[in-house]
Amino acid sequence: MLLSEMNKEQLAEFKADCEKKYAEAKAKNLKLDMSRGKPGADQLELSMPMLDILREGADFKSENGMDVRNYGVLSGIPEAKKLFAEMLGVKPEEVIVGGSSSLTLMFDAVQRAWNFGVPGGEKPWCKCDKVKFLCPVPGYDRHFSVTETFGIELVNVPMTKTGPDMDMVEKLVSEDESIKGIWCVPMYSNPDGITYSDETVKRFANLSPKAKDFRIFWDNAYCVHHLTDKPDTLLNLMDELKKTGKENMVYMFASTSKITFPGAGVAVMAASEENIQATLKILNFQAISYDKVNMLRHVRFFKNLDGINAHMEKHKKLLAPKFAAVLDTLDREVGDMGILDWVKPNGGYFISVNTLPGCAKRVVELCKEAGVVLTGAGATYPYKKDPEDRNIRIAPSYPPIEELQMAIDLFCLCVKLASAEKLLSE
Ligand SMILES: Cc1ncc(COP(=O)(O)O)c(C=O)c1O
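Calculation rules
- Residues numbered from 1 in each chain as written.
- Predicted model: local features only at pLDDT ≥ 70, side-chain atom pairs only at ≥ 80, totals over all residues.
- Helix = DSSP H or I, 4+ residues; strand = E, 2+ residues; numbered from the N terminus.
- Rg over C-alpha atoms; globule rule 2.2 N^0.38 Å.
- Buried ≥ 20, exposed ≤ 12 C-beta atoms within 10 Å, placed from the backbone.
- Contact = placed C-beta atoms within 7 Å.
- Pairing = 2+ DSSP bridges.
- Axes fitted to C-alpha atoms, helices over the stretch in contact; angles between N-to-C directions.
- Near = placed C-beta within 6 Å.
- Nonpolar A, V, L, I, M, F, W, Y, C, P; charged D, E, K, R; others polar.
- Domains from an automatic or database assignment.
- Parallel < 35°, antiparallel > 145°, perpendicular 65-115°, else oblique.
- Left-handed = near helix turned anticlockwise from the far one by under 90°.
- Core = buried A, V, L, I, M, F, W, Y, C linked by C-beta atoms within 7 Å.

Visitor: Describe the overall build of the chain, listing the residues and the values that go with them.
Guide: Secondary structure assignment for the chain yields 13 helices and 13 strands. Computed over its C-alpha atoms, the radius of gyration of the chain comes to 23 Å, within 12% of the 22 Å expected for a compact globule of 426 residues. When each of the 426 residues of the chain is scored for burial, the buried share is 48%. Once local pairs closer than 6 in sequence are excluded, the contacts in the chain between residues at least 24 apart make up 77%.

Visitor: Can you explain unusual backbone geometry? Please cite residues and give values.
Guide: Of the consecutive residues Val-137 and Pro-138, the connecting peptide bond is found in the cis state with omega at -5°. Positive phi, normally seen in glycine, also occurs at Asn-29, with a value near 50°. Tracing the chain through its elements places Asn-29 in the loop between helix H1 (8-27) and strand E1 (32-33). For Asn-29, a count of 8 C-beta atoms within 10 Å puts it in the exposed group. Within the chain, Tyr-383 stands out as a residue other than glycine whose phi angle is a positive 60°. Position of Tyr-383 relative to the elements: it lies in the loop between strand E12 (372-373) and strand E13 (391-394).

Visitor: Which residues make up the sheet that holds strand E10 (residues 340-342), and what are the values?
Guide: On the basis of which strands lie adjacent, the open sheet formed by three strands has the order E10-E11-E13 and antiparallel pairing. Bordering the open sheet on either side are E10 and E13, each of which pairs with just one other strand. The average undirected angle you get between the axes of adjacent strands in this sheet is 30°. As defined by bridge partners, strand E11 (residues 351-355) adjoins E13 across four bridges and the pair is classed as antiparallel. Residue pairing across strands places Ile-351 opposite Ile-394, the latter belonging to E13. Together, E11 and E13 form the strand contacts of helix H12 (residues 360-369), whose direction differs from that of E13 by roughly 40°.

Visitor: Tell me what's going on with helix H5 (residues 141-149), and back it up with residues and numbers.
Guide: Among all positions in H5, only Asp-141, His-143, Phe-144, Val-146 and Thr-147 are buried. Where H5 is buried, its residues meet helix H4 (102-116), strand E3 (132-137), strand E4 (153-160), strand E6 (179-184) and strand E7 (215-219). Immediately beyond the C-terminal end of H5, within one or two residues, lies Gly-151, with a positive phi of roughly 80°.

Visitor: So what's going on with the site of the ligand? Residues and values would help.
Guide: For the ligand, the set of nearby residues contains 13 residues, the closest of which are Ser-101, Ser-102, Leu-103, Ser-255 and Ser-257. Of the residues contributing to the shell around the ligand, the split by class is six nonpolar, six polar and one charged.

Visitor: Mind laying out the sheet that holds E6, listing which residues take part and the relevant values?
Guide: Two orientations exist for strands paired in a sheet by backbone hydrogen bonds: parallel and antiparallel. The strand order across the open sheet formed by eight strands is E2-E9-E8-E7-E6-E3-E4-E5, and the pairing between neighbours is mixed. Looking at the sheet topology across the chains shown, the edges are occupied by strand E2 (95-97) and strand E5 (163-164). Judged from the three bridges that link them, E3 and E6 form a sheet pairing that is parallel. Paired with Leu-134 across the strands is Ile-182, a residue of E6.

Visitor: Account for the domain arrangement of the chain, naming residues and giving values.
Guide: Interface size is commonly expressed as the accessible surface area that is lost when the partners come together. Domain boundaries in the chain define domain 1 (3-43 + 309-425) and domain 2 (61-303). Domain 1 and domain 2 are separated by 31 Å when their C-alpha centres are compared. Each partner contributes to the interface: domain 1 provides 25 residues, whereas domain 2 provides 26 residues. Breaking the side of domain 1 that touches domain 2 down by element, the ones donating at least two residues are helix H11 (305-334), E11 and E13.

Visitor: Can you explain the packing of H11 against helix H13 (residues 401-425)? Please cite residues and give values.
Guide: At a minimum axis separation of 10 Å, H11 and H13 run at an interaxial angle of 25°. In terms of axis orientation, H11 runs roughly parallel to H13. Crossing angle aside, the handedness with which H11 passes H13 is right-handed. On H13, the residues that touch Pro-321, Lys-322, Ala-325, Val-326, Thr-329, Leu-330, Glu-333 and Val-334 of H11 are Ile-401, Leu-404, Gln-405, Ile-408, Asp-409, Cys-412, Val-415 and Lys-416.

Visitor: Go over the nonpolar core, please, and point to the residues and values.
Guide: Counting 126 residues, the largest nonpolar core has Val-268, Met-269, Val-363, Cys-367 and Cys-414 as its most contacted members. Of the residues forming this core, the biggest block, 12 residues, is contributed by H13. Split by domain, the residues of this core number at least three in each of domain 1 (3-43 + 309-425) and domain 2 (61-303). When near neighbours in sequence (up to four residues on either side) are disregarded, Met-269 contacts Ile-96, Gly-98, Leu-105, Ala-109, Tyr-251, Met-252 and Phe-253.

As structure tokens, then:
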């Protein structure tokens, strides 16, 4: 039954029942965590054979004859550039295989633009009176923090089922020269799990920003992270941009953090050759070369994109039951109450839920008091300010499934309790 259709007496009774169950749950002294978008321990095991590939006596030569244990090739070994070019649908010349964190590559890209400017720009961003970035919301908190660190003003753009609100994006970038970029997670977005539609990608390719040094930060972190047998597909933005002659407008990013080892994987940046050359010119003062041993290990382990996809099938087998446990429980416990909505993702790492307005913080607080840690309410918005206090990001990957089930059961109870409190207070 819809909670909004209950009269005060029914609601009070419902709330009292929730409070009783909540007290019982609290007495269990749970210590559970649904806050971290980290692979589970079983997922990490999948990549352990990779660590045996390059041991003493192995062939450490890259296909260009270079010994990967030594300095050289700042942009990455050729076979790694080929592999990740295939994964991102670009040319090897359009790729830099960097360290182990794509977030570092993103931070560095903002930093270079800030200090030195980008091709097409008249001056470094730091010399502009004001710099703004568009932030599709809800979104990835660390993206927002990168730009916030530079004092860049963050502008919310609502997400729709097909990607960011493109009417708003088009209008804002065409009118405001201080808007220099937009953060995007185009496939299985963090946290909504939404994949941008073909039309959205085409509209990105056709943007006509007033700022000539505008950049789309296209973080394709979840491009191979499918959870179903009918995966989403994403139109190739680089191909579309080449049709409009605007290929300098995008910086693409990805990493193997959630393919092999977070923090010990391989990160990539892809961009037009002009952008790559401009990047390397400065990167050249920052590093002599990245970890090519790890690059070669990854290439020998996967061989090609088919190898990556086969490996991701194994991740899927471990992750899909966890996502199903959360989604089934949400459906069963609160599906017909009109107090929570969510998108069922076909991939990625998160389930994003929206409570009744003004309830997200309370739900997170109730969960915490009963021993279940969630990502802080508001974290999915710039400056951690969710204007409606509705969005919560659930990360089902890390806890073992028995713990996850207990955590999501408690979460549903807290949603019911917070919603009853709210409706009774109105
Ligand atoms: C959208 C997105 N991009 C980037 C990252 C971090 O990537 P990396 O480990 O390559 O720095 C995450 C991690 O959760 C993420 O969700």
